[in-house]
Amino acid sequence: MNATRALRLTPHAAVVSVGYVIFAYAAVPVSLTTRLGIDFASFGLLTSAALGAFVVAQPLASRLTNRYPTARLLLWATACHAVLAVGLDLVSSFPALLVLRGVWGVVGGFILSVGATQLARLHTGAATTRQQGVYGGLLTLGGATGFLVTPLLADVAAATPGVGPIHAPGALLALPAVALCVRTRGDRTTRPPAPSRSRGDGSEGSERGADRVSVVRHPVVLLAALSYVAVIGSFVTLSTFVTAYYTDLGLVGPLSVFVLVVATVGRSLGGVAVANGWLRDATLIAGGTGLAVVGFGALTLDLPTAVVAVLPPLAMFAVSLPFGAVYAVAARATPRDGAALAVVVGAGNAGSIVLPAVTGAARDLTGAYGAGFFTLAGLNLLALAGVVVFRRQFER
């Protein structure tokens with residue numbers, strides 16, 4: 001394998017294991033809530049802790065990607081991620097698990113942003129959207145793997161100290177990425193743009209934007225961040241509670257795994273659609289958020305079980321389609337690609353921090369998820385309106 005191919009594969013290999021660690025615990029809601037003595041609101045906080053740390057990681061990712069090659073950054077971050085994934089299974093109390101998931105989240109969020117930046121530096125044009133779509137798809141594939149594997153380890157977990165082997169398989173998934181990182185550790189292809197490229201005329205929103213303030217104020221970056229708040233908030237909340245949701249409906253089988261596989265297909269298909277010229281980025285984002293409004297809105301209604309059972313995959317497909325497009329739009333908005341992606345990832349995960357906990361709390365109070373689904377429908381409606389009103393800025 002040549003160095004260029006290894007560089008292109010490294011972010012994809014790393015993000016699979018990150019996706020596993022984020023969502024693996026959500027596959028065993030009854031087992032874990034009983035083992036730790038917690039309610040569903042606290043269960044949702046385990047996702048919020050990781051996502052909150054994702055936000056904390058973004059200023060660091062922005063600063064370091066502007067100074068060092070991303071290949072070097074991924075090496076250290078992926079190795080640290082693997083160690084922490086094992087450590088998560090050694091704690092035995094909810095507070096300790098909550099704190100350690102927050103610590104892991106700093107590393108996981110750093111990997112997510114740095115990996116996306118590496119892909120943006122190695123690809124151009126519509127190929128960037130395709131690669132970012134695959135990148136997001138592999139993140140959800142890692143989550144789907146967790147949903148499939150973790151229940152099989154439930155009996156082992158019951159006989160071991162700590163929370164049991166829930167997160168540690170993610171460390172095994174990280175090993176190929178670590179090997180690729182070692183191979184490319186001396187790379188300079190993924191170094192940041194030369195200073196001259198990130199200095200323009202100082203005009204706000206310019207394609208040659210200059211400093212961190214101009215990146216944060218850039219209208220396209222802000223619109224991408226709004227879209228990401230909607231799609232990632234919806235994805236994370238649905239991923240956290242889909243197993244419990246189907247359990248409440250009395251439905252058994254690998255339905256939650258199927259929902260995560262749908263997310264993988266949706267993210268990859270969205271990237272392919274733009275790369276092949278079938279759709280433009282703005283159209284894909286508007287279409288995905290619009291379909292999500294319909295899907296989550298329908299989930300708030302009193303419909304037959306046979307109907308509501310198919311709505312989570314529909315909603316997940318909808319919010320997955322725009323993933324690569326949002327990343328690609330933000331990355332090409334300004335030469336400070338790493339900073340732009342950090343803004344988008346930070347905003348999206350900041351918006352997602354509260355949603356799993358609120359949805360879990362609503363479930364504890366009402367015994368249903370209607371309030372959470374209504375909120376997700378509203379977020380996607382807001383993102384849709386933003387894209388429609390400011391479509392020209394998106395398509396520049």
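Residues numbered from 1 in each chain as written. Predicted model: local features only at pLDDT ≥ 70, side-chain atom pairs only at ≥ 80, totals over all residues. Heavy atoms only, no water.

**Looking at the confidence of the model for the protein chain**
So, step 1. Residues at a pLDDT of 70 or more form 91% of the protein chain, whose mean pLDDT is 83.
So, step 2. Throughout residues 196-210 the model reports pLDDT below 50, and contacts reaching past four residues in sequence, or to other chains, amount to 26 contacts. (pLDDT = per-residue confidence, 0-100. Contact = heavy atoms within 4.5 Å.)

**Observations concerning helix α17 (residues 370-389)**
So, step 1. The first and last C-alpha atoms of α17 sit 29 Å apart over 20 residues, in line with the 28 Å expected at 1.5 Å per residue.
So, step 2. Where α17 is concerned, the buried positions are G372, F373, L376, A377, N380, A383, G386 and V387. (Helix = DSSP H or I, 4+ residues; strand = E, 2+ residues; numbered from the N terminus. Expected span 1.5 Å × (residues − 1). Buried < 20%, exposed > 50% of the residue type's maximum accessible area, 1.4 Å probe, protein only.)

**Some remarks on the nonpolar core**
So, step 1. Residues W104, L112, Y228, F235, F296 and Y327 are the most contacted members of the largest nonpolar core, which totals 116 residues.
So, step 2. With 15 residues, helix α10 (residues 219-248) is the largest single contributor of residues to this core.
So, step 3. Apart from residues lying up to four places away in sequence, L112 is in contact with V15, F54, Y135, L139, Y228, Y327 and V345. (Core = buried A, V, L, I, M, F, W, Y, C linked by side-chain atoms within 4.5 Å.)

**A few points about a nonpolar patch on the surface**
So, step 1. A cluster of nonpolar side chains, namely V261, V265, L269, W278 and L279, defines an oily patch on the protein surface of about 440 Å² accessible area.
So, step 2. According to the relative accessible area criterion, L269 is partly exposed, its value standing at 36%. (Patch = residues over 30% accessible without salt bridge, like charges linked within 9 Å, V, L, I, M, F, W, Y side chains within 5 Å. Areas by Shrake-Rupley, 256 points an atom, 1.4 Å probe, with all protein chains shown as cover. Salt bridge = Lys/Arg side-chain N within 4 Å of Asp/Glu carboxyl O.)

**Details of helix α14 (residues 311-320)**
So, step 1. For α14, a buried count of eight out of 10 residues is recorded, marking the element as mostly surrounded by other parts of the structure.
So, step 2. Of all the residues in α14, the buried ones are L311, P312, P313, A315, M316, A318, V319 and S320.
So, step 3. Along its buried surface, α14 packs onto α10, α11 (255-275), α12 (281-299), α13 (305-308), α15 (323-331) and α17.

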